[in-house]
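Given next are the chains, with one letter for each unit.
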Amino acid sequence: MDPDETLVGSLDPLINESGDLLQLCSGITDPRRSAKLEEFKRIQTILEKYQEKSELLDPLLPCVTSSIAEFLLSNEDAGSQGAFRALYTLFKVRGFKNVARHLPHTVNLFETVAYRLLRTPEGNEASPPLSTTGCVA
């Protein structure tokens with residue numbers, strides 16, 4: 001078998017799943033329905049498949065990151081844990097610099113995002129309490 005055919009054959013599942021990823025991301029921002037934890041787990045599963053060929057995510061990054069960010073900013077607590085996990089997986093697979101350039105960079109969002117992150121069940125367990133000086137106690 002030709003090496004080029006092997007490469008193309010190994011990329012077929014990723015190309016097919018990119019449509020699923022875009023559909024899931026557009027679904028989580030739909031205001032007429034609520035996103036479920038299973039949808040975010042599916043997003044994570046798809047993103048993890050790109051670990052070896054992460055550059056293939058580049059055309060999808062603006063849509064995926066903006067969808068997750070929009071969800072986190074517009075939904076109080078429902079699904080936040082799943083959204084933060086999906087965002088973490090995206091950072092892990094594609095890298096901080098590549099993902100961060102597609103996220104909003106306004107200071108006024110810091111408090112909202114930090115509050116939601118701390119209110120997730122894992123955020124409460126994993127975060128050590130802060131002292132009044134801002135240092136970890």
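Topic: the environment of I68
- Mapping I68 onto the fold places it in helix α3 (residues 61-74).
- Take I68: its relative accessible area is 0%, and that puts it in the buried class.
- C-alpha separation for the pair I68 and A83, spaced 15 residues apart in sequence, amounts to 6.2 Å.

Some details on the nonpolar core
- If you look at the biggest cluster of nonpolar residues, it comprises 25 residues, and the most contacted ones within it are L21, F40, I43, L57, V64, I68 and L90.
- At the level of elements, α1 (3-28), α2 (37-48), α3 and α4 (80-94) are the ones that each hand at least two residues to this core.
- Apart from residues lying up to four places away in sequence, I68 is in contact with I28, A83, A86 and L87.

Quick word on the side chain of T65
- Relative to the assigned elements, T65 resides in helix α3.
- On the accessibility criterion, T65 (0% relative accessible area) is buried.
- Those residues in contact with T65, other than ones at most four positions away along the chain, are L90, V99, H102 and L103.

A short note on the pattern of salt bridges
- Under the counting rule described, the total for this entry stands at five salt bridges.
- The partner of K49 in a salt bridge is E17, and the shortest N-O contact between them spans 2.4 Å. Placement of the pair is K49 in the loop between α2 and α3 and E17 in helix α1, with a sequence separation of 32 residues.
- Taking the relative accessible area as the measure of exposure, K49 reaches 41% and is therefore partly exposed.
- E17 sits in the buried class, given a relative accessible area of 10%.
- Across the salt bridge formed by K92 and E48, the nearest N and O atoms sit 3.8 Å from each other.

Quick word on the confidence of the model for the chain
- Within the chain, residue pLDDT values average 76, and 73% of them lie at 70 or more.
- Mean pLDDT values over the elements of the chain span from 50, in helix α7 (residues 121-126), up to 92, in helix α5 (residues 96-100).

Comments concerning the packing of aromatic side chains
- Using the criterion set out here, one finds two aromatic pairs in the structure.
- Considering the side-chain rings of F91 and F96, the 5.5 Å spacing of their centres and the 20 degrees angle between planes classify their relative orientation as stacked.
- By relative accessible area, which is 23% here, F91 ends up partly exposed.

Some thoughts on the packing of α2 against α4
- Their axes nearest at 8 Å, the elements α2 and α4 cross at an angle of 5 degrees. The angle between α2 and α4 falls in the class roughly parallel. Here α2 contributes L37, F40, I43, Q44, L47 and E48 to the contact with α4, which in turn contributes G82, A83, R85, A86, T89, L90, K92 and V93.

A few points about the environment of E38
- Structurally, E38 is set in helix α2.
- Take E38: its relative accessible area is 56%, and that puts it in the exposed class.
- Put simply, E38 and G79 are 41 residues apart on the chain and 9.4 Å apart in space, counted from C-alpha to C-alpha.

Criteria and thresholds
Residues numbered from 1 in each chain as written. Predicted model: local features only at pLDDT ≥ 70, side-chain atom pairs only at ≥ 80, totals over all residues. Heavy atoms only, no water. Helix = DSSP H or I, 4+ residues; strand = E, 2+ residues; numbered from the N terminus. Buried < 20%, exposed > 50% of the residue type's maximum accessible area, 1.4 Å probe, protein only. Core = buried A, V, L, I, M, F, W, Y, C linked by side-chain atoms within 4.5 Å. Contact = heavy atoms within 4.5 Å. Salt bridge = Lys/Arg side-chain N within 4 Å of Asp/Glu carboxyl O. pLDDT = per-residue confidence, 0-100. Phe/Tyr/Trp six-rings, centres within 6.5 Å; stacked < 30°, edge-to-face > 60°. Axes fitted to C-alpha atoms, helices over the stretch in contact; angles between N-to-C directions. Parallel < 35°, antiparallel > 145°, perpendicular 65-115°, else oblique.

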